[in-house]
Amino acid sequence: MKELQFAKKINAPDIEPRVRHPRIFEAFDGLASGEILELTNDHDPRPLQYQFLMERKDKYDWEYLEKGPEQWRVAIKKV
């Protein structure tokens, strides 16, 4: 993915932890096919990636744009 155009951007630390993953999935589900969500987090969002694998298998592409140590950025594309 080059020169990405993000349909939505989420800074995960701004969202209350108990509703964080549901809000991210809600934003993702609102994307049209081919649109990209940029997720920024203060730690590796690997648990969220596993949840995507379980709940949205074959419906997304996941690409790390930045891998810490203080900030992680991920492009999550709806396919």
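Report on the accompanying structure. (Residues numbered from 1 in each chain as written. Predicted model: local features only at pLDDT ≥ 70, side-chain atom pairs only at ≥ 80, totals over all residues. Heavy atoms only, no water.)

## Topic: the pairing of strand E1 (residues 8-11)
Across 4 bridges, the pairing between E1 and strand E2 (residues 36-41) is parallel. Of the residues in E2, the one forming a bridge with Lys8 is Leu37. A crossover links E1 with its parallel partner E2, the connecting element being helix H1 (residues 17-29), and its sense is right-handed. (Pairing = 2+ DSSP bridges. Helix = DSSP H or I, 4+ residues; strand = E, 2+ residues; numbered from the N terminus. Right-handed = clockwise from strand over helix to strand, strands pointing away.)

## So, the nonpolar core
Among the nonpolar cores identified, the biggest contains 19 residues, and Leu37, Leu39, Phe52, Trp62 and Ile76 are the most heavily contacted of them. Among the elements of the structure, H1, E2, helix H2 (46-55), strand E3 (60-67) and strand E4 (72-78) are those that each provide at least two residues to this core. For Leu37, the residues in contact, after removing those within four places along its chain, are Phe6, Lys8, Lys9, Ile10, Ile24, Ala27, Phe28, Leu31, Val74, Ala75 and Ile76. (Core = buried A, V, L, I, M, F, W, Y, C linked by side-chain atoms within 4.5 Å. Buried < 20%, exposed > 50% of the residue type's maximum accessible area, 1.4 Å probe, protein only. Contact = heavy atoms within 4.5 Å.)

## Looking at the pattern of salt bridges
Scanning the entire structure with this criterion turns up 7 salt bridges. A salt bridge links Asp29 to Arg56; its shortest N-O distance comes to 2.7 Å. Highlighted residues: Asp29 in helix H1 and Arg56 in the loop between H2 and E3, separated in sequence by 27 residues. Arg73 serves as the salt-bridge partner of Glu66, at 3.8 Å between the closest nitrogen and oxygen. Owing to a relative accessible area of 22%, Arg73 belongs among the partly exposed residues under this scheme. (Salt bridge = Lys/Arg side-chain N within 4 Å of Asp/Glu carboxyl O.)

## Here's the deal with the side chain of Arg56
According to the relative accessible area criterion, Arg56 is buried, its value standing at 16%. Excluding anything up to four places from it in sequence, Arg56 contacts Phe25, Phe28, Asp29 and Gln51.

## Describing the packing of aromatic side chains
Across all of its chains, the model carries 5 aromatic pairs by this definition. Their ring planes at 90 degrees and their centres at 5.1 Å tell us that Phe28 and Phe52 sit as a pair that is edge-to-face. With Phe28 in helix H1 and Phe52 in helix H2, this pair connects stretches of sequence that are 24 residues apart. You can call Phe52 buried: its relative accessible area is 0%. Of the aromatic side chains, those joined through ring pairs into one cluster are Phe25, Phe28, Phe52, Tyr60, Trp62 and Tyr64. In this arrangement the basic side chain of Lys67 is found over the ring face of Tyr64, its NZ or CZ atom lying 4.8 Å from the centre. The ring of Phe28 carries Lys78 above its face, with NZ or CZ at 5.6 Å from the centroid. (Phe/Tyr/Trp six-rings, centres within 6.5 Å; stacked < 30°, edge-to-face > 60°. Lys NZ or Arg CZ within 6 Å of the ring centre and 35° of its normal.)

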